[in-house]
Amino acid sequence: MKIAFLTLGCKLNFAESSALGKELVARGHTRVRPGEQADVCIVNTCSVTDTADHKDRQAIHRIRRQYPDAFLIVTGCYAQLRPGDIAAIDGVDCVLGMNEKFGIPALVDRLEKRAAGEGTMTCVGRIRDITDYYGSWSKDDRTRCFLKVQDGCDYFCTYCTIPYARGRSRNTTVQATVAEARKALEAGAKELVLTGVNIGDFGKSTGETFLALLQAIDALDGEFRVRISSCEPNLLSDEIIDFVARSRHFAPHFHIPLQSGSNEVLRIMKRRYTRELFAERVEHIRSLMPDAFIGVDCMVGVRGETEACFDDYVRFIEALPVSQLHVFTYSERAGTRMLELDLPVVPQAERKRRSEVLHRISQQKTEAFYAAHKGRQAVVLWEAKREGSALDGYTMSGFTANYIRLSRPYDKSLVNTFQTVTI
Ligand code: SF4
């Protein structure tokens, strides 16, 4: 059968869609090509905010219009949390939650067998006894692979639906994950991005540690680098930072969720650290890797974030030597504990203003980070994607180890190679 994928949200979703795609191809199905009609469409949704839900619905309508006769399966976090809402969308044939997601290849096999005249099959979470694909890897181009090393979360921050959508924290063994990493490298990948929901929790279900996983991956031979997609500050221990600093393959690139720079708001959110601990982590990284790229997730507008809390947050973040902020605006999510708290609600217009304030700070920090590196030598890994047009000339781009994006005129011979350049 010809399969069309539409994936939204985080790197983990992309890694899982790619793993599903690989499994479907292994079973004899094919990915739909431009201009062809698909037999089955799979929309892998995200539900991190209201905006994500809205984009999911738009994507479902769009793919239904594009492939009017295909069997349409919707899965992912939104499908897990609001299956009824999705089932009510005209044209959706099947809604599968997180536990059922990895049963899609078997479902597509069944659809193929039933294709001759049995009409549309509708199911909501019917597939059972399916196990996750841990360590599954995804290749978004010839260069970079997202390697899923962990799933789920036990933290239950008061604003977040992810533990309800993805379940408890779990992983496979270091050995199995390293075997997947080796496979990805043998297939030509030059950069691995370790992904998960709460990646620093790796090992909880196998009695191992995240550090042990990093050490085992770093022991692999070859010319490649590794990025850690995001790690909770309380789990990004000094030991891990020390290890990254002296490792062979790990890039000086950190992505750390702060969420608020006000201790009062961090308590409301039920985050497991104070801003002082966060600042210590950042200082420790800077002391060992002064050129590291440090990206920080920041949320604005949660319940109880008073004007004074926000001012405190802004002062903290302005003083923090980080490279970029990823700003999220809080939206009320059904089923979360924050809705039960009797706290002042930040009006929508004020949430927007606060988001703009942090976006401006982020821009200043990123510009300063780039400016500080101008004229220096760095190693860039060139990617396969060709941009531009024949008229203006094609370009290619790549990232330095510390995540500075560079571009140059397209040269096919440089794709998937490391090159020392002047920034
Ligand atoms: S750590 Fe908190 S914000 Fe992150 S997935 Fe878990 S509950 Fe959600």
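Residues numbered from 1 in each chain as written. Predicted model: local features only at pLDDT ≥ 70, side-chain atom pairs only at ≥ 80, totals over all residues.

### Focus: the overall build of the protein chain
A tally of regular secondary structure across the protein chain gives 14 helices and 18 strands. Against the compact-globule benchmark of 22 Å for 423 residues, the protein chain has a radius of gyration of 22 Å, which places it among compact chains. With the C-alpha coordinates aligned to their principal axes, the bounding extent of the protein chain is approximately 65 × 60 × 55 Å. In the protein chain, which comprises 423 residues, the share counted as buried stands at 44%. Across the protein chain, contacts joining residues at least 24 apart in sequence account for 76% of those joining residues at least 6 apart. (Helix = DSSP H or I, 4+ residues; strand = E, 2+ residues; numbered from the N terminus. Rg over C-alpha atoms; globule rule 2.2 N^0.38 Å. Buried ≥ 20, exposed ≤ 12 C-beta atoms within 10 Å, placed from the backbone. Contact = placed C-beta atoms within 7 Å.)

### Concerning the nonpolar core
Note that soluble globular proteins tend to have their nonpolar side chains buried in a common cluster. Val40, Cys41, Ile73, Val74, Leu147, Leu192 and Ile294 are the most contacted members of the largest nonpolar core, which totals 104 residues. Looking at which domains feed residues into this core, each of domain 1 (2–124) and domain 2 (137–364) gives three or more. With six residues, the next largest nonpolar core counts Val380, Leu381, Met396 and Ile404 among its residues. (Core = buried A, V, L, I, M, F, W, Y, C linked by C-beta atoms within 7 Å. Domains from an automatic or database assignment.)

### A few points about the domain arrangement of the protein chain
For the protein chain, the assigned domains read domain 1 (2–124), domain 2 (137–364) and domain 3 (377–422). When each unit is reduced to the centre of its C-alpha atoms, the spacing between domain 1 and domain 2 is 28 Å. With 14 residues of domain 1 at the interface, the matching set in domain 2 holds 19 residues. Of all the secondary-structure elements, those providing two or more residues to the side of domain 1 that touches domain 2 are α1 (11–26) and α3 (77–81).

### Considerations on the site of the ligand
Taken together, the neighbourhood of the ligand is formed by Cys153, Tyr155, Phe156, Cys157, Cys160, Ile162, Pro163, Val197, Asn198 and Glu232. In terms of residue class, the shell around the ligand is built from eight nonpolar, one polar and one charged. (Near = placed C-beta within 6 Å. Nonpolar A, V, L, I, M, F, W, Y, C, P; charged D, E, K, R; others polar.)

### Focus on the sheet that holds strand β13 (residues 324–329)
A sheet is described by the order of its strands in space; here three strands give the open sequence β11-β12-β13, paired in parallel fashion. With one partner strand each, in any of the chains shown, β11 (253–259) and β13 form the two edges of the open sheet. The sheet shows a mean angle of 20° between the axes of neighbouring strands, direction not considered. Of the strand pairs in this sheet, β11 and strand β12 (residues 293–300) are connected by six bridges, and their pairing is parallel. From the neighbouring strand, histidine 255 faces β12, where its bridge partner is glycine 295. (Pairing = 2+ DSSP bridges. Axes fitted to C-alpha atoms, helices over the stretch in contact; angles between N-to-C directions.)

### As for the packing of helix α10 (residues 238–246) against helix α12 (residues 275–288)
Close contact between α10 and α12 brings their axes to 10 Å; oriented N to C, the two are set at 20°. Considered as vectors, α10 and α12 are oriented roughly parallel to each other. The two elements α10 and α12 cross, and the hand of that crossing is right-handed. In this structure, α10 uses Asp238, Ile241, Asp242 and Ala245 to contact α12, whose residues at the interface are His284, Ile285 and Leu288. Classifying every residue of the contact of α10 with α12 by side-chain character gives four nonpolar, one polar and two charged. (Parallel < 35°, antiparallel > 145°, perpendicular 65-115°, else oblique. Left-handed = near helix turned anticlockwise from the far one by under 90°.)

### Looking at the environment of threonine 209
Checked against the element boundaries, threonine 209 lands in the loop between β9 (191–195) and α9 (210–218). Residue threonine 209 is classed as partly exposed on the basis of its 17 C-beta neighbours within 10 Å.

### Digging into unusual backbone geometry
In the Ramachandran plot, glutamine 259 falls in the positive-phi region, its phi being about 75° despite a non-glycine side chain. Assessed through the 24 C-beta atoms surrounding it within 10 Å, glutamine 259 is described here as buried. For tyrosine 403, which is not glycine, the phi torsion reads 65° and is therefore positive. Note on tyrosine 403: 19 C-beta atoms within 10 Å, which makes it partly exposed.

### Some points on the pairing of strand β8 (residues 144–148)
Burial within β8 is extensive, with five of its five residues counted as buried. Every second residue of β8 is oriented toward a common face, with Arg144, Phe146 and Lys148 on one face and Cys145 and Leu147 on the other, all of them buried. The pairing of β8 with β9 spans five bridges and is classified as parallel. Note on β9: the bridge partner recorded for phenylalanine 146 is valine 193.

### Some points on the packing of helix α8 (residues 174–186) against α9
The angle between the axes and the distance between the axes are what describe a pair of packed helices. Packing of α8 against α9 leaves a shortest axis separation of 10 Å and a crossing angle of 35°. Note on packing geometry: the crossing formed by α8 with α9 is right-handed. Residues Val174, Thr177, Val178 and Ala181 of α8 form the contact with α9, whose own contacting residues are Ala212, Leu213, Ala216 and Ile217. Counted by class, the contact of α8 with α9 contains seven nonpolar, one polar and no charged residues.

### Looking at helix α2 (residues 50–66)
Over its 17 residues, α2 runs 24 Å from end to end, which matches the ideal 24 Å to within 8%, given 1.5 Å per residue. Of all the residues in α2, the buried ones are Asp53, Asp56, Ile60 and Ile63. Buried residues in α2, looked at end-on, bunch into an arc of 95°, giving them a common side. The outward face of α2, more than 90 degrees from its buried face, is lined by the exposed residues Thr51, His54, Gln58, Arg62 and Arg65. Structurally, α2 contributes buried residues whose contacts are with β1 (2–7), β3 (40–45), β4 (71–76) and α3. (Expected span 1.5 Å × (residues − 1). Arc of directions from axis to C-beta.)

### Overview of the pairing of strand β16 (residues 393–400)
Direction of pairing for strand β14 (residues 377–382) relative to β16: antiparallel, over a ladder of three bridges. When the sheet's bridge partners are listed, tryptophan 382 is paired in β16 with glycine 398. Sheet topology note: the strand β15 (residues 387–389)/β16 ladder contains three bridges and is antiparallel. Opposite glutamate 387, over in β16, you have threonine 395 as the bridge partner. Hairpin geometry of β15 and β16 is characterised by an intervening segment of three residues between the two adjacent antiparallel strands. Taken together, the five bridges between β16 and strand β17 (residues 405–409) define a ladder with antiparallel strand orientation. In the strand pairing of β17, glycine 398 is matched with leucine 406.

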